[in-house]
Every structure is written in structure tokens, then in C-alpha cells.
Amino acid sequence: MENKKYAHLVKPLSIAAMPGSERAFRNTGNADINLWLNGRDHLEGLELNFSWGFYTGLGDWHPGMDPHVHPYPEALVFVGLDPDNIEYLGAEMQYCLGKELEVHTFDKPSVIVAKGGVLHCPSVTKEVLNPIGYSFFILSLGAEPRTTWMGDGISEEQIRRMQEIASSSKPFMVSTFSKKRYHVSPETMTYSDKHAHLIKPLKLLPRAAAEKDMMIPGPGNADRLFWMTGNDLEGMELNFTWGFHKRPGLWHRGPGKSDGAHFHPHDEVLVFAGTDPSDINYLGAEISIDMGEEHERHIIDKPIAVVIPKGVVHNPIITRYVDRPFAFFMISLARDYEVTWCSR
Ligand SMILES: [Fe+2]
Ligand SMILES: [Fe+2]
């Protein structure tokens with residue numbers, strides 16, 4: 001593996017496991033477990049940080065700390081874990097947006113778009129309906145996770161702990177604390193629809209659309225797929241997919257029944273994630289992906305992110321076997337997905 005040209009682009013999600021990091025955010029509503037990769041330490045310097053985690057608990061995710069802001073735009077993606085029903089979230093969420101602390105609720109797979117400087121959270125899990133919980137991932141357009149916390153319920157001890165993290169050599173998040181603080185209570189929250197458009201139900205990609213782009217789905221592909229483009233995301237330089245894969249086989253062919261090898265004018269990250277909340281390091285499948293014009297083959301048998309810098313040829317992707325349906329999301333760092341097919 002060491003001698004392979006593209007091995008450095010294949011990143012097990014477990015490289016982001018940091019003992020002690022969970023102490024900063026451990027609250028009932030927050031993730032039971034999550035992994036958070038960032039461009040600075042894990043993703044070849046991309047202006048991206050993303051998380052992946054499993055959630056079963058009720059309540060506020062960061063009590064007393066919110067609202068918060070980032071210097072970069074962020075997409076917050078809530079998805080379910082039923083591979084037979086992609087449209088089922090299995091949870092009821094309450095979410096505040098804007099300095100008005102405007103309250104919204106939703107219970108379908110959705111993405112919340114918070115552009116740089118837009119106040120967001122608290123995020124409160126009101127109900128979990130799927131016995132195994134739901135999943136959530138952040139897609140943030142900054143190489144280094146940075147948050148300014150604006151809640152008035154942060155203790156001095158919390159501030160000290162988070163400043164310690166921020167001053168470490170590779171902080172998983174650089175936290176700062178705003179002078180202006182907000183108090184969150186039923187009296188200070190507001191009930192309007194000024195920010196309602198920032199919560200967007202995930203959109204299914206019609207199969208016909210995939211075929212129109214000459215990406216012909218194969219048996220290894222997801223039956224149904226959410227795909228949100230920059231136009232769906234307030235103009236973010238981001239488009240992403242989400243789906244479950246259950247069967248072995250080729251994921252897709254390109255035009256003329258080519259094997260699907262292609263490249264993009266934008267950077268892309270392919271995330272292969274498991275769906276077993278009891279083991280975030282279990283994928284339950286074995287998949288091969290070819291990298292480069294030389295078709296250098298890599299095997300994916302645990303949760304992995306594959307970084308595809310712009311211009312680098314990749315694919316086909318072939319699922320070799322599936323023990324448990326797994327999840328896949330593509331993070332494409334452009335408003336619109338653009339592809340050039342290779343012929344072979
Ligand atoms: Fe955020
Ligand atoms: Fe691609």
C-alpha cells in the first residue's frame with residue numbers, strides 16, 4: 001500500500017479520533033460518537049471540514065453555548081438510518097436561526113444553511129423515533145474549524161477548557177467567545193418565518209436526471225439518492241449527495257458504456273460511512289476504487305474519505321460485497337457538479 005501513488009488520498013475516518021475531544025461537547029442531545037475531519041490536518045489542505053456521527057439522545061446539543069457563528073459557510077445535514085426509506089429521519093428537531101433566535105422544527109431529512117456570520121443553534125433533539133437513532137454531518141467551507149460562541153450560559157471552566165484546546169498544536173476547533181452574549185429561553189426565542197428558507201428538505205435525484213448526464217447507474221449504486229447543488233444551498237460553493245448502498249456491483253458507467261472513469265474541474269471528497277451506530281469504525285462492505293489514469297486500485301473496507309483533487313482521474317467504483325447496507329456521501333466543492341468522462 002505504501003508504494004502506491006494515490007494512497008495518501010485515501011483517509012480512514014478514524015484518523016480524526018482524538019481522545020478527550022468529546023469532553024468539550026458531550027451533552028445528552030449531541031452525538032453519541034462522531035468523527036470530524038478538517039482540511040488542515042486530514043484533507044490535503046482543502047477549504048473543508050466535515051463531521052460524521054450517530055445520535056440517539058434528547059435535548060440541547062451545546063447547553064448554554066449557543067447561538068454561535070463561523071467565519072465560513074456551513075451546511076448542517078440531518079439524515080436517517082433506514083436504508084429502505086431514505087426519506088425517514090427518525091427524529092424531531094428544533095433549531096434556532098438568526099439573532100432573533102427564530103425557532104423552527106422539522107422531522108424529515110434536511111439541510112440547514114448557515115452562511116458565514118449567520119447566528120445558528122441551539123439545536124435541540126425533541127424526539128428520536130428510530131430505535132437506532134439518526135445521523136448528522138457538517139459540511140463547512142473552512143480548512144480549520146472555527147467557532148465564536150455567543151450563549152450566556154458558558155461557564156468559566158468551559159471557556160478555559162475550550163481555550164486550552166484552541167491553543168494546542170492541532171486544535172480540532174478554535175473557539176472564541178463573543179463579547180455580546182445571547183440568553184436563550186422561551187421568552188427570548190421568536191416565532192416567525194424570516195429564516196425558514198434556510199432549512200431545506202433534501203431533494204431526491206430523479207433517475208432520469210442521472211442518465212441525462214450520461215452517468216448510467218449500475219447495480220452497486222444507491223436505489224435513491226439525495227442531491228443538493230449550490231443553487232439549493234443559498235449559492236454555497238458546494239454540492240453534495242446522500243444515499244444507501246445495499247448491493248454489490250459497479251456504481252455507474254459513463255457514456256458509451258465506458259467504465260465511468262472521470263475527473264472534475266473542482267475538488268471532491270467521497271465519504272464511505274457505516275450505518276451501525278454501535279461501531280463507527282465498521283463499514284460492513286468491501287469496495288474498490290481506481291485512482292489515476294493508471295487505474296491504481298484501492299480497497300475500502302472501513303469508513304473512509306477519499307480526497308479527489310481537481311483534475312485527478314478516478315473510478316470505476318465497484319462494491320465487492322455487502323454485509324450491511326452502508327452510507328455514502330459525495331462532497332463536491334463547487335456550486336454545480338461538472339464531469340469530464342475518460343474513454344477506455
Ligand atoms: Fe455551526
Ligand atoms: Fe467524481
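Caption draft 1: Local environment of the overall build of the chain. Helix and strand counts for the chain stand at two helices and 27 strands. In terms of overall dimensions, the chain has a C-alpha envelope of 60 × 40 × 35 Å along the principal axes. Per-residue burial over the chain gives 44% buried out of 344 residues. Restricting to contacts in the chain with at least 6 residues of sequence separation, those with at least 24 account for 78%.

Caption draft 2: Representation of the sheet that holds strand β6 (residues 74-79). Taken together, six strands build an open sheet; the order of strands is β2-β3-β11-β6-β9-β14 and the sheet is antiparallel. Looking along the sheet, the strands with just one partner apiece sit at the ends: β2 (33-38) and β14 (199-201). Sheet twist, expressed as the mean angle between neighbouring strand axes with direction ignored, is 15°. Both β6 and strand β9 (residues 110-114) contribute to a ladder of five bridges, which runs antiparallel. Counterpart to Glu74 in the pairing with β9 is Ala114.

Caption draft 3: Structural view of the environment of Thr56. Relative to the assigned elements, Thr56 resides in the loop between β3 (49-55) and β4 (59-60). With 18 C-beta atoms counted inside 10 Å, the residue Thr56 sits in the partly exposed group.

Caption draft 4: Looking closely at the domain arrangement of the chain. Taken domain by domain, the chain comprises domain 1 (14-200) and domain 2 (203-341). Using C-alpha coordinates to define each centre, domain 1 is positioned 25 Å away from domain 2. Contact residues are listed per partner, giving 30 residues for domain 1 and 29 residues for domain 2. A per-class count over the side of domain 1 that touches domain 2 returns 23 nonpolar, three polar and four charged.

Caption draft 5: View of the nonpolar core. Counting 81 residues, the largest nonpolar core has Val77, Val271 and Phe272 as the members making the most contacts within it. For this core, the two domains that each supply at least three residues are domain 1 (14-200) and domain 2 (203-341). If you look at the next biggest cluster of nonpolar residues, it comprises five residues, including Met65, Val69, Leu119 and Trp149.

Caption draft 6: Structural context of the pairing of strand β13 (residues 174-182). Of the pairings in the sheet, the one linking strand β12 (residues 146-151) to β13 comprises five bridges and is parallel in character. Looking at β13, one finds that Trp149 is bridged to Phe177.

Caption draft 7: Up close: the environment of Ala327. Along the chain, Ala327 falls in strand β26 (residues 326-332). With 159 residues separating them along the chain, Ala327 and Ser168 place their C-alpha atoms 33 Å apart. With sequence-adjacent residues up to four places away left out, Ala327 is seen in contact with Phe244, Ala273 and Thr275.

Caption draft 8: Just unusual backbone geometry, in detail. Across the junction of Asp66 and Pro67, the peptide omega takes the value 5°, indicating a cis bond. The topology assignment puts Pro67 in the loop between β4 and β5 (68-69). Residue Pro316 follows Asn315 across a cis peptide bond; omega there is 10°. By the secondary structure assignment, Pro316 is in strand β25 (residues 314-322). Residues other than glycine seldom take positive phi values, yet Leu101 does so here, at roughly 50°. You can see Leu101 is positioned in the loop between β7 (91-97) and β8 (102-106). Given 21 C-beta atoms within a 10 Å radius, Leu101 is considered buried.

Caption draft 9: Structural context of the pairing of strand β11 (residues 134-140). With six of seven residues buried, β11 lies mostly within the body of the structure. Here β3 pairs with β11 via five bridges, running antiparallel. Across the sheet, Phe50 pairs through a bridge with Leu139, a residue of β11. Two strands pair when backbone bridges link them, and β6 and β11 are joined in this way by six bridges, in the antiparallel orientation. Across the sheet, Val77 pairs through a bridge with Phe137, a residue of β11.

Reading guide: rules and limits
- Residues numbered from 1 in each chain as written.
- Chains lettered and ligands numbered in written order.
- Predicted model: local features only at pLDDT ≥ 70, side-chain atom pairs only at ≥ 80, totals over all residues.
- Helix = DSSP H or I, 4+ residues; strand = E, 2+ residues; numbered from the N terminus.
- Buried ≥ 20, exposed ≤ 12 C-beta atoms within 10 Å, placed from the backbone.
- Contact = placed C-beta atoms within 7 Å.
- Pairing = 2+ DSSP bridges.
- Axes fitted to C-alpha atoms, helices over the stretch in contact; angles between N-to-C directions.
- Domains from an automatic or database assignment.
- Nonpolar A, V, L, I, M, F, W, Y, C, P; charged D, E, K, R; others polar.
- Core = buried A, V, L, I, M, F, W, Y, C linked by C-beta atoms within 7 Å.

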